[in-house]
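Chains, contacts and geometry: an overview
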Amino acid sequence: LYDVGVTFLPSSDVEGYGSTSMLEINADWAFGCLEDVGGCDIDFNLVAKDILFTSRTALDLPDQVGQITLDMGFTFYTKKGTGLQVRLRPGLQSDFGEFDSETFFMPASFCVARPLSDGLWGILGLEVRAHYEQEFMPIVGLSWEINDTVRLDAGIPRSQLTCFMSKNSTMYLSAAWANTTYNLEERDNDGRDWLTLEDIRATLGMIYEASDLLQFRGEVGMAFNRSVEYDQDPSYEADMDDTVFVRFAVGAPL
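Keep in mind that this is a model prediction, so the values were computed, not measured. (Residues numbered from 1 in each chain as written. Predicted model: local features only at pLDDT ≥ 70, side-chain atom pairs only at ≥ 80, totals over all residues. Heavy atoms only, no water.)

**Structural notes on the environment of Asp13**
Just so we agree on the cut-off: A run of H or I in DSSP counts as a helix once it spans at least four residues, and a run of E counts as a strand once it spans at least two, with each numbered from the N terminus. Counting of polar contacts relies on pairs of N or O atoms within 3.5 Å, with two restrictions inside protein: one atom must be capable of donating a hydrogen and the other of accepting it, and residues adjacent in sequence are counted only when both atoms are side-chain atoms.
In this fold, Asp13 is placed in strand S1 (residues 2-13). When the C-alpha atoms of Asp13 and Thr243 are compared, they prove to be 9.7 Å apart, with 230 residues separating the residues in sequence. Side-chain polar atoms of Asp13 contact the backbone nitrogen of Gly16, separated by 3.3 Å.

**Structural notes on unusual backbone geometry**
Heads up, the rule is: The buried label applies to any residue whose accessible area, calculated with a 1.4 Å probe on protein chains only, is under 20% of its type's maximum; exposed applies above 50%, and partly exposed to all values in between.
In the segment running from Ile156 into Pro157, the intervening peptide bond is cis, with an omega of 10 degrees. With respect to the secondary-structure elements, Pro157 resides in the loop between strand S11 (150-156) and strand S12 (158-164). Even without being a glycine, Thr57 presents a positive backbone phi close to 55 degrees. By secondary structure assignment, the location of Thr57 is in the loop between strand S3 (40-53) and strand S4 (64-77). With a relative accessible area of 17%, Thr57 lands in the buried category. With phi around 50 degrees, Asn225 is a residue other than glycine that occupies positive phi space. Within the fold, Asn225 resides in strand S15 (residues 214-230). Owing to a relative accessible area of 52%, Asn225 belongs among the exposed residues under this scheme.

**Some words on the side chain of Ser12**
Note the following rule: Between two residues, a contact is recorded if the distance between any of their heavy atoms is within 4.5 Å.
Within the secondary structure, Ser12 sits in strand S1. A polar atom in the side chain of Ser12 sits 3.1 Å from the backbone oxygen of Pro10. What Ser12 contacts, discounting residues up to four positions off in sequence, is Gly18, Ser19, Thr20, Arg226, Asp241, Asp242 and Thr243.

Have a look at this one:
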């Protein structure tokens, strides 16, 4: 139903421009679901994330970037069990310095999930993301319920092996590719710029459900293939060193 978490990434070198650590604060809230509306299930989620940089470095990084997004899914099912889903994610992605039409983003995705055999699904789709540095994000993978306690979701942009250890505890190993673009406030009359953060994160996590309305999540992992890219003049990209990270979150199971 909800998840509120904090992630800390220790200080890392930004390709000779200095170093900075990062603190990420996120909140996800699944606040609504409408079932069988004209043969369609509709879900509504509110997603917020704020990334704080402890140093601006020689790249003149913003103090923070973040997003506030309404994530809506429209899911249809055929008589043969195939699922068709359209997702829209309208929202703001910026450094929160000022707001206008350029800070508004609306990625949209279309995805098909088809049963291949008992407990095995194939997934194929595409997300279109105007104004992003990576404008097209593939969605491809397999979802396999290996048995009652183990599930494998393998694909792009996210893969996860989940083990339901007991009624109250779950352990998982995941890898996720993230590429997100933010619109920045105009500086020194040089026009607005676009900042893209990209990385791949490998995570070992555990969830403990204390009750039907409270669960705790702890994660440790490694972030690698990290980069910071400015789109406008000057346009350049800088690699960031790999780093470990830790995350702690509280929430309620859906």
